[in-house]
Amino acid sequence: ADCRYTCHQECRGLIQLDCRRPSQCQSQLSPESTLLPPCSQNVTQTGEEEKPEPPTVQEIKQKIEKYNAKVTNCLLMKLNDDGTYTGFIKVHLKLRRPVTVPAGLRPQSIYDALKEVNLAEMTDKRTSFYLPLDAIKQLHISSTTTVSEVIQGLLKKFMVVDNPQKFALFKEMRKDGQVLFQKLPLTEYPLYLRLLAGPDTDALSFVLKENETGEVEWDAFSIPELQNFLMILDKEEKDKIQQVHRKYERFKQRLQQTLKEARGKPG
């Protein structure tokens with residue numbers, strides 16, 4: 001509040017300042033010591049910006065009407081009497097590693113979904129499975145649905161029994177020809193972000209990826225799961241080594257071919 005120190009919200013607990021002497025702190029602060037975030041939404045300068053006022057029901061109604069006017073399909077948002085609203089989001093699954101699913105079970109039917117039958121609890125057998133690359137899942141959610149609940153819902157739909165902490169939801173944005181990813185906190189509301197961005201998926205889309213930020217609590221996983229991680233990492237390492245070998249082998253062949261063609265030529 002005194003020195004106007006700026007940092008990421010998630011980094012706030014790691015910052016150590018001697019705020020008992022605010023005047024000295026302010027005089028010693030330099031532009032180089034200020035942490036600037038990649039997006040302005042992460043900037044925390046004042047208490048008012050840290051906790052913005054929630055939109056009123058009338059403002060939400062106007063935003064929904066504006067949103068629905070741009071929708072080219074039937075996936076509209078609907079305002080409820082209690083001020084909440086429902087709508088649809090699409091999530092791209094960009095998982096590079098296999099997930100753990102029950103072995104020998106039939107796919108979930110509409111009947112199972114309506115009755116909330118959890119097929120994963122019907123067997124203790126597990127197997128690893130690669131989800132289709134860049135698969136897309138459409139979800140009907142509420143304005144009160146958090147990122148954590150979206151992740152758990154996706155895993156349930158695909159009968160994935162892995163710990164939800166292995167995964168993270170990102171928002172993907174396109175700006176100036178670049179694709180930008182930003183990890184969403186578990187308490188964020190994806191439908192509100194969709195409402196603000198509009199229905200255009202080029203402006204904003206959601207992506208489920210592996211959580212590789214170091215925030216995973218490895219103690220929460222069992223020994224077989226940790227051993228499976230090691231096997232996956234070993235396989236990825238071997239694949240990378242083979243890629244490098246093939247790259248330099250092709251380069252070597254081109255050099256040899258060039259030298260062969262150059263023999264006998266003057267110079």
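So, how was this worked out
- Residues numbered from 1 in each chain as written.
- Predicted model: local features only at pLDDT ≥ 70, side-chain atom pairs only at ≥ 80, totals over all residues.
- Heavy atoms only, no water.
- Helix = DSSP H or I, 4+ residues; strand = E, 2+ residues; numbered from the N terminus.
- Buried < 20%, exposed > 50% of the residue type's maximum accessible area, 1.4 Å probe, protein only.
- Contact = heavy atoms within 4.5 Å.
- Areas by Shrake-Rupley, 256 points an atom, 1.4 Å probe, with all protein chains shown as cover.
- Core = buried A, V, L, I, M, F, W, Y, C linked by side-chain atoms within 4.5 Å.
- Pairing = 2+ DSSP bridges.

Draft legend 1. Representation of the overall build of the protein chain in the model. Helix and strand counts for the protein chain stand at 7 helices and 8 strands. For the protein chain, buried positions account for 29% of its 267 residues. The long-range fraction of contacts in the protein chain, counting pairs at least 24 apart against all pairs at least 6 apart in sequence, stands at 70%. Accessible surface computed for the protein chain: about 19,000 Å², of which carbon and sulfur atoms make up 53%.

Draft legend 2. Quick look at the nonpolar core. One finds Ile89, Val91, Val150, Phe167, Leu169 and Phe206 to be the most contacted residues of the largest nonpolar core, which totals 32 residues. Counting residues per element, the ones that place at least two in this core are helix 3 (57-70), strand 2 (85-93), strand 3 (99-102), strand 5 (135-142), helix 5 (147-157), strand 6 (167-175), helix 6 (190-197) and strand 8 (205-210). In terms of residues, this core owes the most to one element, helix 5, which gives 5 residues. Ignoring sequence-local partners within four residues, the contact set of Leu169 consists of Val91, Val147, Val150, Ile151, Gln182, Lys183, Leu184, Pro190, Phe206, Val207 and Leu208.

Draft legend 3. Highlighting the pairing of strand 2. Across the 9 residues of strand 2, 7 count as buried, placing the element largely inside the fold. Examined bridge by bridge, strand 1 (residues 78-79) and strand 2 share 2 bridges and lie antiparallel to one another. Following the sheet pairing, Leu79 is matched in strand 2 by Tyr85. Between strand 1 and strand 2, which pair antiparallel in sequence order, lie 5 residues; one of them, Gly83, sits at a positive phi of approximately 95 degrees. Both strand 2 and strand 5 contribute to a ladder of 8 bridges, which runs antiparallel. By the bridge assignment, Val91 is partnered in strand 5 with Lys137.

Draft legend 4. Broad picture of the side chain of His92. Tracing the backbone through its elements, the reader meets His92 in strand 2. With residues near it in sequence (within four places) discarded, His92 still touches Asp134, Ala135, Ile136, Ser205, Phe206, Val207 and Leu208.

Draft legend 5. Summary view of the environment of Ile89. Tracing the sequence through the fold places Ile89 in strand 2. For Ile89, a relative accessible area of 1% gives the class buried. Distance in space between the C-alpha atoms of Ile89 and Arg194 is 7.3 Å, their sequence separation being 105 residues. Once residues within four sequence positions are removed from consideration, Ile89 is found in contact with Lys137, Gln138, Leu139, Ile141, Val150, Pro190, Leu191, Arg194 and Phe206.

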